[in-house]
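Here are the chains, one letter per residue:
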Amino acid sequence: MKEKNIRRRLIKDRLFLILIGVLSLTALIPLIFILGYIFRNGIRVINWDFLTQLPQPVGEETAGGIVHALVGTIIIIGLSFFLAVPFGIGTGVYLSENRNTRFSVIVRLCVDLLMGVPSIVVGIIAYAWIVRFQGFSALAGSIALSILMIPMVVRGTEETLNLIPPSYKEASLALGVPYYRTMLKVIIPSGFGGITTGVLLALARIAGETAPLLFTALGSNFLNVNIFKPMHTLPLLIYDYATSPYKEWHHIAWGASFVLVIFVLVLNIISRLVIKKWKIQF
Amino acid sequence: MENSILTIKNLDAYFGKTQVLKNINLSFPYKKVTAIMGPSGCGKTTLIRCLNRMHELTADADYGGSIFLGDVNIFEKNPITLRRHIGMVFQRPNPFPNMSIYENVLAGYTLNGIRLTRLERDSIVQDALQKAALWEEVKNHLNKKGTFLSGGQQQRLCIARALAVKPDIILFDEPTSALDPRATTHIEELIEELKKTVTIVMVTHNIAQAARVSDYTAFLYMGELVEYNSSERIFTVPKDKRTEEYLTGKFG
Ligand SMILES: Nc1ncnc2c1ncn2[C@@H]1O[C@H](COP(=O)(O)OP(=O)(O)OP(=O)(O)O)[C@@H](O)[C@H]1O
Ligand SMILES: [Mg+2]
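Here goes a summary of the coordinates provided. Note that the structure is predicted; figures quoted are calculated from it, not measured.

### Re the sheet that holds strand β1 (residues 4-15) of chain B
Residue and element names in this part refer to chain B.
Moving on, step 1. Pairing is antiparallel in the open sheet, where four strands are placed in the order β2-β1-β4-β5. The open sheet has two edge strands, β2 (18-29) and β5 (72-73), and neither has a second partner.
Moving on, step 2. Relative to β2, β1 runs antiparallel, the two being bridged by eight bridges. Across the sheet, Ile 8 pairs through a bridge with Leu 26, a residue of β2.
Moving on, step 3. In the packing of helix α1 (residues 44-51) onto the sheet, the strands contacted are β1, β2 and β4 (61-69), and the crossing angle to β1 comes to about 120 degrees.

Structure, rendered in structure tokens:
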């Protein structure tokens, strides 16, 4: 009787394992198909010219490249990084240091709300507040993207710092170290891995944003490095070319998609490495 | 009493509305070891945390009364300079997780932005680790993270960190509760040695240890100072019944 019971349980265990295995595989299938499709369509247009040339008019022998969008993406994402990181980390540190004051409760609520604002709305806001006065520019795009990025960085920072035991802060203060140095030299470095991971994942998230850039960075067919002028990015280029009627441009859109996916993948891999390298054992 | 370096006058301490120290009056003699004893939860940690103004860092903590270092009230001093003179070893070891063993020992200098030559650093590290009885165990991997050490080794690392900055007073909160008998003996010897130059306040649960190393003993009970006298007298002829009961193991 007892023997049989245990057998039954073991069988149930086995069935359960198979079930969750099948379910997770099912979740993976669309992902694999999407990645496979992008890979198959994208890889054949990728070559050195594709990454270093400007696009050619339709009908030319070579289709040209996407260098302007590649450079634009790097500039706009980089700029968003510098705009979002100080505010994001600063706010995150503040929230974890002052957990229950009225101000921090309000700030936390705002951050959560901001996290839920659709990116296109942020784009319209940036349009209304910046573009209408200053014209379309890469900077306006970066500002829009950094607004999307800030809440993610805040939350990543706050959650990381909340996990650091208060005894390290005490140890530092007991050595006569002023509060600001304690934060800068002990607490933030202890959370460096987690904070960096949050920032990198936020970058990966905004790298593919299109909607807010339509109203701000606009796009450009030239290689432009002036952040006060319109600039192209990979998602914008994909949007343009994929909706065009030309077959060659569709190929370019696939190629650009492929590059964008690789870009995001690289950011994810780097954040994995950072987690591993700076993993701090408490 | 002989010349004292630190004098507590009418000290009260609170966490929110709970009063955990009640009108404490006590003075710590210069270059002597004073033990603070008492049952768990009676306020020993709170008392020594008042001495370097760590108590006020707890969110809703409050205090009343004064503590004189020489003839200045520490509550009127800058806590940062105060803490550089009064070192502390916490009840639970807390080496910095982002620093190696070597960097942990030097933390009191580096975190305060004090520059040292390579030679000075090496000698401070070796000296502090030797005093804390940790040198032999770690001398070959000073660059490992401090948090990889065992609990007892971490505690000795924290002792080394406190010693490295050469404070005038050191507060030990049960420094040997996580140590084996050999390391304990070593730390007790260290305390004997240290008191030639430093004033020591030590919380301990170990009666034999207090009898061995302390010159004076204060007995706290439920936030009150019950008895304070030379260790010799406390351990041979305690005046208060509660002290006697504690020493004979009736409670605590
Ligand atoms: N952060 C805190 N917030 C509220 N109450 C606290 C806090 N820390 C300690 N207490 C309370 O203050 C009293 C004294 O605590 P304290 O840590 O000083 O005791 P202790 O004598 O060091 O005990 P032990 O021997 O167990 O270390 C206890 O009743 C405890 O519950
Ligand atoms: Mg205690």
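### Considerations on the site of ligand 1
Residue and element names in this part refer to chain B.
Moving on, step 1. Near ligand 1 you find 13 residues, and of these Ser 40, Gly 41, Lys 44, Thr 45 and Thr 46 are the closest.
Moving on, step 2. Contact between ligand 1 and Gly 41: an oxygen atom at 2.8 Å from a main-chain N or O atom of the residue.
Moving on, step 3. Backbone polar atom of Gly 43 to an oxygen atom of ligand 1: 3.0 Å apart, as the coordinates give it.
Moving on, step 4. The greatest single-element share of the shell around ligand 1, amounting to three residues, is contributed by α1.
Moving on, step 5. Counted by class, the shell around ligand 1 contains three nonpolar, eight polar and two charged residues.

### As for the packing of aromatic side chains
Moving on, step 1. In total, this model carries 11 aromatic pairs over all chains according to the counting rule given.
Moving on, step 2. One residue, Arg 161 of chain B, lies across the ring of Phe 96 of chain B, its end atom 4.6 Å from the ring centre.

### Details of the environment of Ile 29 of chain A
Residue and element names in this part refer to chain A.
Moving on, step 1. The topology assignment puts Ile 29 in helix α1 (residues 2-43).
Moving on, step 2. With a relative accessible area of 40%, Ile 29 lands in the partly exposed category.
Moving on, step 3. Considered as a pair, Ile 29 and Asn 5 are 24 residues apart in the sequence and their alpha carbons are 36 Å apart.

### Considering the coordination of the magnesium ion (ligand 2)
Moving on, step 1. Within the first shell, the magnesium ion (ligand 2) binds the protein through Thr 45 of chain B (OG1) and Gln 91 of chain B (OE1), at distances of 1.9 to 2.4 Å. One end of the pair, Thr 45 of chain B, is in helix α1; the other, Gln 91 of chain B, is in the loop between β6 (86-89) and α3 (101-110), and 46 residues separate them in sequence.

### A word on a nonpolar patch on the surface
Moving on, step 1. The grouping of Ile 262, Leu 265, Val 266, Ile 269, Ile 270 and Leu 273 of chain A at the surface amounts to a nonpolar patch, some 500 Å² of accessible area in total.
Moving on, step 2. Residue position: Ile 262 of chain A is located in helix α12 (residues 247-277).

### Some words on the interface of chain B and chain A
Moving on, step 1. Contacts between the two partners involve 24 residues from chain B and, on the opposite side, 19 residues from chain A.
Moving on, step 2. Interface of chain B and chain A: buried area, both sides summed, is about 1,800 Å²; carbon and sulfur atoms make up 64% of it.
Moving on, step 3. Among the residues of chain B in contact with chain A, Pro 97, Asn 98 and Leu 111 of chain B are the three that bury the most area, contributing 29% of the side total.
Moving on, step 4. Our count for the chain B to chain A interface comes out at one salt bridge.
Moving on, step 5. Note that Arg 49 of chain B and Glu 170 of chain A form a salt bridge whose closest N and O atoms lie 2.7 Å from each other.
Moving on, step 6. Scanning the region where chain B abuts chain A turns up six residue pairs in polar contact (both at pLDDT 80 or more).
Moving on, step 7. Looking at the side of chain B that touches chain A, the elements that each hand over two or more residues are α2 (79-85), β6 and α3 of chain B.

Cut-offs and rules
- Residues numbered from 1 in each chain as written.
- Chains lettered and ligands numbered in written order.
- Predicted model: local features only at pLDDT ≥ 70, side-chain atom pairs only at ≥ 80, totals over all residues.
- Heavy atoms only, no water.
- Pairing = 2+ DSSP bridges.
- Helix = DSSP H or I, 4+ residues; strand = E, 2+ residues; numbered from the N terminus.
- Contact = heavy atoms within 4.5 Å.
- Axes fitted to C-alpha atoms, helices over the stretch in contact; angles between N-to-C directions.
- Near = heavy atom within 4 Å.
- Polar contact = N/O pair within 3.5 Å; in protein donor to acceptor, adjacent residues only side chain to side chain.
- Nonpolar A, V, L, I, M, F, W, Y, C, P; charged D, E, K, R; others polar.
- Phe/Tyr/Trp six-rings, centres within 6.5 Å; stacked < 30°, edge-to-face > 60°.
- Lys NZ or Arg CZ within 6 Å of the ring centre and 35° of its normal.
- Buried < 20%, exposed > 50% of the residue type's maximum accessible area, 1.4 Å probe, protein only.
- Donors = N, O, S within 2.8 Å, 3.2 Å for Na, K, Ca; no water.
- Patch = residues over 30% accessible without salt bridge, like charges linked within 9 Å, V, L, I, M, F, W, Y side chains within 5 Å.
- Areas by Shrake-Rupley, 256 points an atom, 1.4 Å probe, with all protein chains shown as cover.
- Salt bridge = Lys/Arg side-chain N within 4 Å of Asp/Glu carboxyl O.
- Buried area = accessible area lost by both parts, 1.4 Å probe.

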